[in-house]
Amino acid sequence: MRVVRVVRDVLLVPIGVALLLSVIFVVIPFFGIGAAGSEVTARGTAVAQQCRFDGPIAESNAPDGGNIVGFGYICQARVTWRDGTSEMWEVSGSQLGPDDVGEEVAVVRRAIADGGAGTTSTSPEIYRADFEPNRWLGIPAMLVVGILGIVVAGPACSRLYETFSGKEPAET
């Protein structure tokens, strides 16, 4: 019976850790928490040229480089703005996907704050025009998934520690 408990706890720890990591790599990008409240600086249409699925940390081919955190599609797209200018953009966060290759999709450019609160510098990112970042749904989802991860992994870690450190009461 003790072996079954140990195996159960060994399996629960990575499940709990995966839930905790999914807060960063799935929930935050899905709800666009970093873009919530950001200013729309331009409107236009995008036509995806090619897409790839990548994550959890993907290297960006955008002009300013950097890394993209999260799982999702990253597409190279030709964006035509309302003022008539056209340029290539890398669109991440599954805002565009393989189904959008060759199709016109309405998009907006948002000024996303770099760093934390009180920062004045921003970087532009492309989002679907019909995508509305939602902090009020994202934060509760983050809390639920994060707490679930702690509830699953915490007690399992504690039981494994007690088992392997010899602090578990002797069975009679």
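Structure shown above.
This one's a predicted model, so the numbers in the text were calculated from it and none came from an experiment.

Parameters at a glance
- The numbering scheme is per chain: residues are counted from 1 as the chain's sequence reads.
- The predicted nature of this model means local features are confined to residues of pLDDT at least 70 and side-chain atom pairs, given and counted, to a pLDDT of 80 or more, with totals for whole chains, interfaces and linings taken over all residues.
- Hydrogens are left out, water is left out, and the side-chain values use all remaining heavy atoms of the structure.
- Think of it this way: a Phe, Tyr or Trp ring, Trp meaning its six-membered ring, pairs with another when their centres are within 6.5 Å, and the plane angle makes it stacked under 30 degrees, edge-to-face over 60, tilted otherwise.
- Exposure categories follow from relative accessible area, calculated using a 1.4 Å probe and restricted to protein chains: below 20% of the type maximum is buried, above 50% is exposed, and the middle band is partly exposed.
- Geometrically, a lysine NZ or arginine CZ counts as sitting over a ring once it is within 6 Å of the ring centre and also within 35 degrees of the ring normal.
- Numbering of helices and strands runs from the N terminus; a helix is a DSSP stretch of H or I covering at least four residues, while a strand is a stretch of E covering at least two.
- Whether two residues touch is decided by their heavy atoms; if any such pair falls within 4.5 Å, the residues are in contact.
- DSSP calls a pair of strands paired once it identifies at least 2 bridges connecting them.

**Overview of the packing of aromatic side chains**
Then comes step 1: Under the counting rule described, the total for this entry stands at two aromatic pairs.
Then comes step 2: Summarising the aromatic geometry, the rings of Trp81 and Trp89 are spaced 6.4 Å apart at their centres and angled 85 degrees between planes, so their arrangement reads as edge-to-face. Judged on exposure class, the residue Trp81 and its partner Trp89 are both buried.
Then comes step 3: The lysine or arginine in question, Arg109, covers the ring of Trp81, its NZ or CZ lying 4.6 Å from the ring centre.
Then comes step 4: The residue whose ring lies beneath Arg110 is Tyr127, and the NZ or CZ to ring-centre distance is 5.9 Å.

**Notes on the environment of Pro98**
Then comes step 1: If you trace the backbone, Pro98 turns up in the loop between strand S5 (86–91) and strand S6 (104–113).
Then comes step 2: C-alpha of Pro98 to C-alpha of Cys75: the two residues are 23 residues apart in sequence and 8.2 Å apart in space.
Then comes step 3: With near-sequence residues (within four places) excluded, Pro98 lies in contact with Cys51 and Tyr73.

**Points about the side chain of Asp9**
Then comes step 1: You can see Asp9 is positioned in helix H1 (residues 2–31).
Then comes step 2: The buried category is assigned to Asp9, whose relative accessible area is 3%.
Then comes step 3: Non-local contacts of Asp9, meaning those with residues more than four positions away in its chain, are made with Ala156, Arg159 and Leu160.

**Overview of the pairing of S5**
Then comes step 1: In this structure, strand S4 (residues 72–81) lies alongside S5, joined through six bridges in antiparallel fashion. What sits directly across from Ala77, in S5, is Trp89.
Then comes step 2: Counted between consecutive antiparallel strands, the loop separating S4 from S5 contains four residues, among which Gly84 sits at a positive phi close to 95 degrees.

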